[in-house]
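In case you want the letters, here they are:
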Amino acid sequence: YAKKEYRQAAAEYDAFILQFPKSPAMAYAILRKARALQMDNKRFEAIKAYREVLDYFPNAISYASAALFFTGESHEKNGDMENAMKCWTEMATDKDYSKHRLAGLAVNRLADNLLLQGKVDEAAGYFQQVAVDFRKENPEAARYAVNRAIYCNMLLRPDEAKVRQLYEKAGPFGDEAVKPSESNYWTQVRQYVKKFGGKLETQKARSEDAQKDKGGEDKSGKGKGGKGKGAKAKEREKEQSPEKMKN
């Protein structure tokens, strides 16, 4: 397996399984066989092998959690997002599987797909789950989740209370070296507003403003209200400034 000779690796794990059916390492062997099949692009066979781990060794949490994650990943590679999301949802909600290091990646993928479906609040909740629960177990997944949660609660559906809640639960937006404080909170909020820049509107809002401006323009380029094209957008940016959010 380490040499990336996945077909040979799968065959050797299979031989071990047949020769030592009562081995205490059986769950591990089946998981490794499934992983080798997946890496050899035999994803449907891999899914069947992962299912063996889940069916026969559900209490071997370390192996079963990995089997569930890679089952979802295999479904995703096969273009079957419905079943992939079922796997990742189970990882997100199961009290044991949700603690596994790979759950951080699974829940982030679940949340990203929920965003694509327009389910902003649900996605933001899952991102916060990863940001809080995986600060130490999977810092990379936690940092990604922090940024995505802020993106949801600051840009897509502005809610200062939820941004603050994230800061309080996950620490200074994932940076444990910084001591939490009111001034630091607003400093970080301003940094994120600056980072997002011109993205302070949703695509839907921009589209609606463009339609309104197009219908209300006169020959001078100003709308009926005299504020000109993009006035609504400018007002929305002003509403979403850190000072306005704080108030």
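Scoring rules and cut-offs
Residues numbered from 1 in each chain as written. Predicted model: local features only at pLDDT ≥ 70, side-chain atom pairs only at ≥ 80, totals over all residues. Heavy atoms only, no water. Helix = DSSP H or I, 4+ residues; strand = E, 2+ residues; numbered from the N terminus. Buried < 20%, exposed > 50% of the residue type's maximum accessible area, 1.4 Å probe, protein only. Contact = heavy atoms within 4.5 Å. Areas by Shrake-Rupley, 256 points an atom, 1.4 Å probe, with all protein chains shown as cover. Expected span 1.5 Å × (residues − 1). Core = buried A, V, L, I, M, F, W, Y, C linked by side-chain atoms within 4.5 Å. Phe/Tyr/Trp six-rings, centres within 6.5 Å; stacked < 30°, edge-to-face > 60°. Lys NZ or Arg CZ within 6 Å of the ring centre and 35° of its normal. Axes fitted to C-alpha atoms, helices over the stretch in contact; angles between N-to-C directions. Parallel < 35°, antiparallel > 145°, perpendicular 65-115°, else oblique. Left-handed = near helix turned anticlockwise from the far one by under 90°. Salt bridge = Lys/Arg side-chain N within 4 Å of Asp/Glu carboxyl O.

Trainee: What is the right way to read the overall build of the protein from this model?
Mentor: Scanning the protein from N- to C-terminus turns up 13 helices and zero strands. Mapped from its N terminus to its C terminus, the protein presents α and β elements in the order α-α-α-α-α-α-α-α-α-α-α-α-α. Within the protein, the fraction of its 247 residues that count as buried is 44%. For the protein, long-range pairs separated by at least 24 residues make up 50% of all intrachain contacts whose partners lie at least 6 apart in sequence. Just so you have it, the protein exposes about 14,300 Å², and 49% of that area is on carbon and sulfur atoms.

Trainee: It is not clear to me how helix α7 (residues 120-133) should be interpreted in this structure. Could you clarify?
Mentor: In an α-helix, one turn spans 3.6 residues, which is why side chains three or four residues apart end up on the same side. Spanning 14 residues, α7 covers 20 Å between terminal C-alpha atoms, matching the ideal 20 Å at 1.5 Å per step. Close packing links the buried residues of α7 with α5 (81-93), α6 (101-116), α8 (139-156) and α9 (160-170).

Trainee: Please clarify how helix α2 (residues 26-39) should be interpreted in this entry.
Mentor: The end-to-end C-alpha distance of α2, which contains 14 residues, comes to 20 Å, matching closely the 20 Å that a straight helix rising 1.5 Å per residue would cover. For α2, a buried count of 11 out of 14 residues is recorded, marking the element as mostly surrounded by other parts of the structure. Tucked into the core, α2 has its buried residues touching α1 (6-19), α3 (43-56) and α4 (61-77). Asn41 lies just past α2 and shows a positive phi near 65°.

Trainee: Just checking my understanding: could you explain the nonpolar core for this structure?
Mentor: Side chains of a nonpolar character, in soluble globular proteins, are inclined to be buried together. Ranked by internal contacts, the top residues of the largest apolar core, which has 65 residues, are Phe127, Ile150, Met154 and Phe173. For this core, the leading source of residues is α8, giving nine residues. Setting aside anything within four residues of it in sequence, one finds Phe127 in contact with Asn108, Ala111, Asp112, Leu115, Tyr144, Ala145, Arg148, Ala149 and Cys152.

Trainee: Hey, could you run me through the packing of aromatic side chains in this one?
Mentor: The way to describe two aromatic rings as a pair is by their centre distance and the angle between their planes. Counted under the stated rule, the structure contains eight aromatic pairs. Ring plane angle 25° and centroid distance 6.2 Å describe the contact between Tyr50 and Phe70, whose orientation is recorded as stacked. Here Phe70 lies in helix α4 and Tyr50 lies in helix α3, a separation of 20 residues in the sequence. On the basis of relative accessibility, which here comes to 0%, the residue Tyr50 falls in the buried class. Using a relative accessible area of 14% as the deciding quantity, one classes Phe70 as buried. An aromatic cluster is present here, built from Tyr50, Phe69 and Phe70 joined pairwise through their rings. Above the plane of the ring of Tyr1 lies Arg32, whose end atom (NZ or CZ) is 4.2 Å from the centre. In this structure, Arg35 packs its charged tip against the face of Phe70, placed 4.0 Å from the ring centre.

Trainee: Is there a simple way to explain the packing of α6 against α8 in this structure?
Mentor: Geometrically, a packed helix pair is captured by the angle between its two axes and the distance between the axes. Their axes nearest at 10 Å, the elements α6 and α8 cross at an angle of 25°. Between α6 and α8, the angle is such that the two are roughly parallel. Where α6 crosses over α8, the handedness of that crossing is left-handed. Of α8, the residues touching α6 (which contributes Gly104, Leu105, Asn108, Asp112 and Leu115) are Ala141, Tyr144, Ala145, Arg148, Cys152 and Leu156.

Trainee: Where do I start with the pattern of salt bridges in this structure?
Mentor: Think of it this way: side chains of opposite charge can pair up when their charged atoms draw near. Counted according to the given criterion, the structure contains 14 salt bridges. Two residues, Glu73 and Arg109, come together in a salt bridge whose shortest N-O distance is 3.3 Å. Placement of the pair is Glu73 in helix α4 and Arg109 in helix α6, with a sequence separation of 36 residues. Overall, Arg109 belongs to the partly exposed group, its relative accessible area being 26%.

Trainee: Explain the environment of Lys162 here, please?
Mentor: Considering the arrangement of structural elements, one finds Lys162 in helix α9. Taking C-alpha positions, Lys162 is 9.2 Å from Ala124, a pair spaced 38 residues apart along the chain.

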